[in-house]
Amino acid sequence: MTSNREKATFAGGCFWCMVEPFDERPGVINIVSGYTGGDLENPTYEQVCSNTTGHVEAVQITYNPEIMPYEQLLETFWQQIDPTDPGGQFNDRGESYETAIFYHNEAQRKIAEASKQELEDSKKFTKPIVTKILPAKPFYEAEEEHQDYYKKQSFHYRLYKKGSGREDFIKENWKKPVNKADLKDKLTPIQYHVTQENGTERPYQNEYWDNEKEGIYVDIISGDVLFSSRDQYDAGCGWPSFTKPVDRYQLTENTDTSHGMIRTEVRSRNADSHLGHVFEDGPKQTGGLRYCMNSAAMRFIEKEDMEKEGYGKYLYLFKDK
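Predicted, not measured: the structure shown is a model, and the values here were computed from it.

A. Up close: the overall build of the chain. Helix and strand content of the chain: eight helices and 17 strands. Taken against the 2.2 N^0.38 rule, which gives 20 Å for 321 residues, the C-alpha radius of gyration of the chain at 21 Å falls within 12% of a compact globule. With respect to the three principal axes, the spread of C-alpha positions in the chain is 65 × 40 × 40 Å. Looking at the 321 residues of the chain, the share that counts as buried comes to 53%.

B. Inspection of the packing of helix H5 (residues 154-164) against helix H6 (residues 166-174) at higher detail. Following both chains from N to C, one finds H5 and H6 inclined at 60 degrees, their axes separated by 4 Å at the closest point. Looking at the two axes, H5 sits oblique to H6. Residues Lys-161, Lys-162 and Ser-164 of H5 pack against Arg-166, Glu-167, Asp-168 and Ile-170 of H6. Residue composition of the contact of H5 with H6, grouped by class: one nonpolar, one polar and five charged.

C. Up close: the sheet that holds strand S16 (residues 290-293). Pairing in this open sheet of six strands is antiparallel, and the strands run S11-S12-S16-S15-S14-S13 from one edge to the other. Among the strands making up the open sheet, the edge pair consists of strand S11 (232-233) and strand S13 (251-256). With four bridges joining them, strand S15 (residues 274-279) and S16 adopt antiparallel strand pairing. Each residue of the ladder has a partner; that of Phe-279, found in S16, is Arg-290.

D. Inspection of the layout of surface pockets at higher detail. Taken as a whole, the second largest pocket holds about 360 Å³ of empty space. Looking at the second largest pocket, it is lined by 13 residues, and the ones nearest its centre are Glu-75, Gln-79, Glu-118, Leu-119 and Trp-174. Looking at the lining of the second largest pocket, the elements with two or more residues in it are helix H2 (70-78) and helix H3 (106-121). Among the elements that line the lining of the second largest pocket, the one with the most residues is H3, at three residues. By residue class, the composition of the lining of the second largest pocket is four nonpolar, four polar and five charged.

E. Broad picture of the sheet that holds strand S1 (residues 6-12). The mixed open sheet is built from six strands, whose spatial order is S7-S6-S1-S3-S2-S8. Two strands lie at the open edges of the sheet, namely strand S7 (132-135) and strand S8 (140-141), each paired on one side alone. Direction of pairing for strand S6 (residues 99-103) relative to S7: parallel, over a ladder of four bridges. Note on S7: the bridge partner recorded for Tyr-103 is Pro-135. The strands touched by H2 within the sheet are S1, strand S2 (28-36), strand S3 (56-63) and S6, with S1 carrying the most contacts at an inclination of about 15 degrees.

F. Quick look at H2. With seven of nine residues buried, H2 is to be regarded as a mostly interior element. Taken together, the buried positions of H2 are Tyr-70, Gln-72, Leu-73, Leu-74, Thr-76, Phe-77 and Trp-78.

G. View of the packing of H2 against H3. Their axes nearest at 10 Å, the elements H2 and H3 cross at an angle of 45 degrees. With respect to their mutual orientation, H2 and H3 come out oblique. Considering how the two elements wind past one another, H2 and H3 form a crossing that is right-handed. Taken together, the residues of H3 that come into contact with H2 (itself represented by Tyr-70, Glu-71, Leu-74 and Trp-78) are Gln-108, Ile-111, Ala-112, Ser-115, Lys-116 and Leu-119. Across the contact of H2 with H3, the residue classes break down as six nonpolar, two polar and two charged.

H. Molecular detail of the packing of aromatic side chains. In total, this model carries 21 aromatic pairs according to the counting rule given. Between Phe-15 and Tyr-35, the ring centres sit 5.7 Å apart and the planes meet at 45 degrees, which makes this aromatic pair tilted. Taken together, the residues span a long stretch of sequence, with Phe-15 in the loop between S1 and S2 and Tyr-35 in strand S2 at a distance of 20 residues. Each of the two residues, Phe-15 as well as Tyr-35, counts as buried. Look at Trp-16 and Tyr-149: their rings are 3.8 Å apart centre to centre, the planes differ by 5 degrees, and that puts the pair in the stacked class. Residue Trp-16 is found in the loop between S1 and S2, and its partner Tyr-149 is found in helix H4 (residues 149-152); the two are separated by 133 residues along the sequence.

I. Structural context of unusual backbone geometry. The phi dihedral of Lys-123 is positive, around 60 degrees, even though this residue is not glycine. In this fold, Lys-123 is placed in the loop between H3 and S7. Among the residues examined, Lys-123 registers a relative accessible area of 67% and is labelled exposed. Positive phi is not limited to glycine here, since Tyr-204 has a value of about 65 degrees. Looking at the secondary structure, you find Tyr-204 in the loop between helix H8 (189-197) and strand S9 (215-219).

Cut-offs and rules
- Numbers given for residues are sequential positions, taken from 1 along each chain in its written order.
- Residue-level local features of this predicted model are given only where pLDDT is at least 70; pairs of side-chain atoms are given and counted only at 80 or more, and the full residue set underlies all totals for whole chains, interfaces and linings.
- Side-chain measures here rest on the full set of heavy atoms in the structure, leaving out hydrogens and waters.
- Numbering of helices and strands starts at the N terminus; helices are DSSP runs of H or I of at least 4 residues and strands are runs of E of at least 2.
- Taken over C-alpha atoms, the radius of gyration is set against a globule rule of 2.2 Å times the number of residues to the power 0.38.
- Summary of the burial criterion: residues with accessible area below 20% of their type's maximum are buried, those above 50% are exposed, and those between are partly exposed, where the area comes from a 1.4 Å probe applied to protein chains only.
- Every axis corresponds to a line fitted to the C-alpha atoms, with the helix fit spanning only the stretch in contact, and the corresponding angles, defined between N-to-C directions, vary from 0 to 180 degrees.
- The cut-offs work like this: below 35 degrees is roughly parallel, past 145 is roughly antiparallel, 65 to 115 is roughly perpendicular, and the gaps in between are oblique.
- Contact between two residues is taken to exist if any of their heavy atoms lie within 4.5 Å; hydrogens are not considered.
- Under the scheme applied, nonpolar residues are Ala, Val, Leu, Ile, Met, Phe, Trp, Tyr, Cys and Pro; charged residues are Asp, Glu, Lys and Arg; polar residues are all the others, including Gly.
- One bridge is not enough; two strands pair if DSSP finds at least two bridges between them.
- Cavities and pockets are defined on a 1 Å grid built over the protein atoms alone: a cavity is a set of grid points where a 1.4 Å probe fits but cannot escape, while a pocket is an open set with protein on both sides within 12 Å along at least five of seven lines, and lining residues are those with an atom within 4 Å of any such point.
- Grid points are joined across faces, edges and corners, and a volume is the space filled by probe spheres set on the points.
- By the definition used in this description, the sense in which the near helix is turned from the far one sets the handedness, with an anticlockwise turn below a right angle giving left-handed and a clockwise turn giving right-handed.
- When the centres of two rings from Phe, Tyr and Trp lie within 6.5 Å, Trp using its six-membered ring, the rings pair. Their planes under 30 degrees apart give stacked, over 60 give edge-to-face, and anything left gives tilted.

None of this, on its own, says anything about what the molecule does.
In structure tokens form, the structure reads like this:
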């Protein structure tokens with residue numbers, strides 16, 4: 001699965017915040033935090049932060065384009081930044097925090113320019129899109145303490161992302177609006193209750209709790225791919241349960257204190273639908289997580305129907321490894 005490799009390089013302000021959105025996504029092989037865009041060889045963090053080297057903080061992603069197309073990486077990149085800010089990102093100011101897309105070939109350049117123009121044309125922002133599109137230059141790996149920072153220093157990372165203003169900006173500007181009146185017409189009563197009112201369907205009395213067919217589960221509203229039947233198992237709880245999502249980026253997690261309990265709620269990123277909860281009592285051999293979902297929040301697409309329904313690229317999930 002990793003024989004087809006390409007590189008993508010993005011500068012989105014502080015590189016601590018640019019790893020998590022891409023990490024552990026299908027087709028992403030490796031992510032490195034580093035410095036690029038300037039001429040100083042092997043710069044240090046302190047030198048780059050002085051804003052005298054021409055370098056910006058950036059991430060370089062090694063990926064398989066057959067699984068994760070460059071277009072999808074670009075979409076994720078835009079959703080992490082304020083593309084109208086010419087002087088840095090959020091609380092981080094100066095040239096080392098400016099945004100840029102560094103293309104590695106002509107195809108990437110064309111895709112990046114088209115993506116930028118599409119964002120400009122959408123009128124999503126009242127200010128011009130100032131993110132630069134530049135040819136890739138030598139990329140210098142940052143110091144070890146800056147690699148995978150969101151994992152190594154998770155508590156500080158969360159505080160930093162929130163305190164810098166990035167987290168609130170993303171929520172305010174990149175969440176897709178949902179018309180609940182339209183959804184009431186589109187969804188069944190139980191689908192609406194689960195996804196829009198944080199409801200829970202009855203155990204053992206829902207469509208997919210004992211499904212044994214091969215295929216994928218997609219968000220009932222957005223159509224985004226959520227789970228694969230290959231990761232489904234019988235948890236004995238009466239709801240469809242999974243050891244992991246297909247693409248962790250498509251989910252968001254929130255602390256849920258309803259019903260006198262403290263749980264981790266799982267929602268879909270784009271539709272902001274309530275899906276279910278994730279627990280730490282899953283199979284240890286697969287990481288120990290149990291994603292307990294509501295059937296009413298999802299639609300199941302059988303493997304033989306995936307191609308005709310536009311999900312052919314996800315057939316890799318069913319190849320024997």
